[in-house]
Each structure stands twice: as C-alpha cells, then as structure tokens.
Amino acid sequence: MKQIFDVVGFGALNVDKLYKVNKIAGPEEEGFVISCEEACGGSAANTIVGLARLGCKVSFIGKVANDREGKMLLDDFRREGVNIKGIIKAENGRSGVVMGFVDPKGERALYVDPGVNDTISFEEINLEYAFKTKFLHLTSFVGEKSFETQKKLVESLPEHVKVSLDPGELYARKGCKGLEPLISKCFVLMPNVKELTLLTGGKDYVAGAEKLLEMGVKIVAVKLGSRGCYVTDGEESHHVEAFRVEVVDTTGAGDAFCAGFLYGLLNNKSLKKCGEIGNFVASRCIMKMGARAGLPRLEELKLLL
Ligand SMILES: Nc1ncnc2c1ncn2[C@@H]1O[C@H](COP(=O)(O)OP(=O)(O)OP(=O)(O)O)[C@@H](O)[C@H]1O
Ligand SMILES: [Mg+2]
C-alpha cells in the first residue's frame, strides 16, 4: 500500500481560550474578564503542525463541530499545510475548547470542554488516512468512547504503520494496565517524567523506560524539562542535554519535542540525534508565547543536522 503521509495525528482538537481575569472566582463569587486570547491547540495537533513546518506530509484524524471554533481549527490546519480530509465534521454539538483563567499573580484555573472530541466512533474514521502513513501519532482524549476507538484502530493497523504515543497525564493515569492495548502496539512512546512515574509506578525513569521496552515498545523518549531528555531502545541509551535558551512560555514544549523526535526517526537519524532534534524543536517553541508560534521551519533545523 502506498504511504502517502509521513505522520497522521489522532487526538483531541481544541481551541484554547486564555482569559485574563481580576481574580479566580470561588463558589458564589464573581470576577470579571480583562482580556481574552484564542489559539488553536490539542497535543497531537500541535505536534502535527510542528512536523508540517519541517516539511513533512501530515494529516489528522479528529472531530470538530459545525461552529466558529471548528472552522478556526480547520482553517489553521489548512494554513499550516496539514491535510484535513480525515477530520470528521459533526452536524451537532460543540468543538473542543479549553478555557484557562489567569489572575494577576499568574495562578490559573483550567476547564476542558471536550465537546465532539469524545464522540469519535471507529465506523466514522476514514481508514485511508490511518493506513497510508508511516507513523500514526496518538494523544489523549478525556472520554472513553474515543479511547476505545483508538484501541480498535491500533488493533486493525497494517504492519507498516508505526504507532507513536504521547500519553499526557490523562492516559498516564490509566496506568500500564489500562493503557496496555496501546502500549503493546507502540513503536515509540514519549512521556514526560511525571507521566512515566504514573504509568510504571516508580520514580526511576531509567527503570521505568526499561519496563515499557519489556511491554513491547521499541523506543522510549522521556521528556525531562530543562534537563532535556532520556532516550533508549534497549541497545543504546542516552541522556541528551537541553538547549540553553531564554524561556518565555513552556506551553506545548512536549508536543514540539515529539515533532522533532519523529522528524529524526523519519529521516533515519541516530537515536541520540533524534533526542537532540526533539530538544531543539522544543527549545524554539519555548522561546515564544503559545504552543505553535515558535515551532521552527526546516531551514532553522538544518543548522543542527
Ligand atoms: N527550561 C527549558 N530549557 C530548555 N529546554 C526545555 C526547557 N523546558 C523544556 N524543555 C524542552 O522541552 C522538552 C519537553 O518539556 P517537558 O519535559 O516539560 O515536557 P512536557 O511536560 O510533556 O511538556 P508539555 O507541558 O508541553 O506537555 C524537554 O524534553 C526539553 O527538550
Ligand atoms: Mg506533555
């Protein structure tokens, strides 16, 4: 079968709405909104945009509603060069939204409205998009229905499609047992250190990564924040130092890392180099506000290759 895409993402699509407020209101309290900013997000979606900027052929499996947010999400993908034909459009319901409320001290409260993200059934997925790719990159959904669909899809994938997974905290909380159907089919798993602890139960990430390899994962890349990453495939293991940059906003750093790491794998780079490229793409992301603004283009990455 012809592989049309390098990576197809499959995860929640959200519009992030960040409200600056005078205070975060408690029960029976009232506050007011000072300003509001909107940006397109979703973990897998950010990673896919990162890969598009690096010149990869990418598409997405997800769901939006027939509303303003759904249109924003599709328009943004189109602008970035992401193929959007695999995205399901619901007649009814709301597109996914994440509302963040930040007070003058910088404390925040978050509310996730998953909307139609949580209603994806296996039958409505266009398998053309899931099957004609080198990598299928999975990230979390809040509800069970779309998680069940991911499990079913992973079960039915042809041999040549490699699964990559960034569990995020939501899926890490399911533990190794709950996530086993995805983990056992996973080629590359990219948790941060907290998620790895939630998954495997131990604080030692070298031992945790080992445990995942024993479950059948081929490559584990552990994101270590300002300490960079730890990468292993069972034969070789490396700690790769982070780039020293001025941190503006770490939102989306993990998603950017995944884009860089997958770019390395797609281009047959060594394991260590993949870790370096992951760190590099993440470092550019955190130098700008938001999850996507700093994602580099291929020319910038070439300095490193
Ligand atoms: N202060 C920093 N300086 C340099 N690089 C950083 C810094 N913080 C994060 N990074 C880079 O970003 C990558 C991912 O960050 P982190 O480990 O925080 O992932 P994460 O918790 O999954 O992020 P996210 O909150 O986006 O999900 C790290 O592996 C590293 O390469
Ligand atoms: Mg993360």
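Just so it is clear, the structure is predicted and the values come from calculations on it, not from any experiment.

Here is what the cut-offs are and how they apply
Residues numbered from 1 in each chain as written. Chains lettered and ligands numbered in written order. Predicted model: local features only at pLDDT ≥ 70, side-chain atom pairs only at ≥ 80, totals over all residues. Heavy atoms only, no water. Patch = residues over 30% accessible without salt bridge, like charges linked within 9 Å, V, L, I, M, F, W, Y side chains within 5 Å. Areas by Shrake-Rupley, 256 points an atom, 1.4 Å probe, with all protein chains shown as cover. Salt bridge = Lys/Arg side-chain N within 4 Å of Asp/Glu carboxyl O. Helix = DSSP H or I, 4+ residues; strand = E, 2+ residues; numbered from the N terminus. Axes fitted to C-alpha atoms, helices over the stretch in contact; angles between N-to-C directions. Parallel < 35°, antiparallel > 145°, perpendicular 65-115°, else oblique. Left-handed = near helix turned anticlockwise from the far one by under 90°. Contact = heavy atoms within 4.5 Å. Nonpolar A, V, L, I, M, F, W, Y, C, P; charged D, E, K, R; others polar. Near = heavy atom within 4 Å. Polar contact = N/O pair within 3.5 Å; in protein donor to acceptor, adjacent residues only side chain to side chain. Pairing = 2+ DSSP bridges. Phe/Tyr/Trp six-rings, centres within 6.5 Å; stacked < 30°, edge-to-face > 60°. Buried < 20%, exposed > 50% of the residue type's maximum accessible area, 1.4 Å probe, protein only. Disulfide = S-S within 2.5 Å.

## Remarks on a nonpolar patch on the surface
Turning to step 1, where the next piece is worked out: Together, Val112, Val142 and Leu170 give the surface a local cluster of nonpolar side chains, amounting to about 250 Å² of exposed area.
Turning to step 2, where the next piece is worked out: You can see Val112 is positioned in strand E7 (residues 108-113).

## Focus: the packing of helix H1 (residues 43-53) against helix H10 (residues 253-266)
Turning to step 1, where the next piece is worked out: Between H1 and H10, the shortest axis-to-axis distance is 8 Å and the interhelical angle comes to 50°. Considering the angle they form, H1 stands oblique to H10. For H1 against H10, the interelement crossing comes out right-handed. Residues Ser43, Asn46, Thr47, Gly50 and Leu51 of H1 lie in contact with H10, whose contacting residues are Asp255, Cys258, Ala259, Leu262, Tyr263 and Leu266.
Turning to step 2, where the next piece is worked out: Along the lines of polarity and charge, the residues of the contact of H1 with H10 split into 6 nonpolar, 4 polar and 1 charged.

## Some points on the site of ligand 1
Turning to step 1, where the next piece is worked out: Not every one of the 17 residues close to ligand 1 is listed here, only the nearest: Asn192, Gly225, Gly228, Gly254 and Asn279.
Turning to step 2, where the next piece is worked out: Note that an oxygen atom of ligand 1 is positioned 2.7 Å from one of the backbone N or O atoms of Gly225.
Turning to step 3, where the next piece is worked out: In the model, an oxygen atom of ligand 1 is placed 2.9 Å from a nitrogen or oxygen of the Gly254 main chain.
Turning to step 4, where the next piece is worked out: A total of 630 Å² of accessible area belongs to ligand 1 in isolation, and the protein chains cover 78% of it.
Turning to step 5, where the next piece is worked out: Of the residues contributing to the shell around ligand 1, the split by class is 8 nonpolar, 8 polar and 1 charged.

## Here's the deal with the sheet that holds strand E4 (residues 58-65)
Turning to step 1, where the next piece is worked out: Taken in spatial order, the 9 strands make up an open sheet running E5-E4-E1-E8-E9-E10-E11-E12-E13, and their pairing is mixed. Whereas interior strands pair on both sides, the edge strands pair on one side only; in this sheet they are strand E5 (87-90) and strand E13 (237-240). Neighbour-to-neighbour, the strand axes of this sheet turn through a mean angle of 20°, independent of strand direction.
Turning to step 2, where the next piece is worked out: Helix-sheet contacts for H10 involve strand E1 (5-10), strand E8 (133-138), strand E9 (162-165), strand E10 (186-189), strand E11 (219-223) and strand E12 (229-232), and the interaxial angle to E11 is about 150°.

## Topic: the packing of aromatic side chains
Turning to step 1, where the next piece is worked out: Throughout the structure, instances matching the rule amount to 10 aromatic pairs.
Turning to step 2, where the next piece is worked out: Look at Phe135 and Phe187: their rings are 6.1 Å apart centre to centre, the planes differ by 65°, and that puts the pair in the edge-to-face class. Taken together, the positions of Phe135 in strand E8 and Phe187 in strand E10 put the pair 52 residues apart, joining distant regions of the chain.
Turning to step 3, where the next piece is worked out: Classification of Phe135 by relative accessible area gives buried; the value is 4%.
Turning to step 4, where the next piece is worked out: Each ring, one from Phe257 and one from Phe261, has its centre 5.9 Å from the other, and the planes form 20°; the classification is stacked. One end of the pair is Phe257 and the other is Phe261, both in helix H10 and 4 residues apart, which spans about a single turn.

## A closer look at the state of the cysteines
Turning to step 1, where the next piece is worked out: Applying the stated criterion across every chain yields a total of 0 disulfides.
Turning to step 2, where the next piece is worked out: Of all cysteine sulfurs, the one in Cys36 lies closest to Cys40, which takes part in no disulfide; the gap is 13 Å.

The analysis is restricted to geometry; functional conclusions fall outside its scope.
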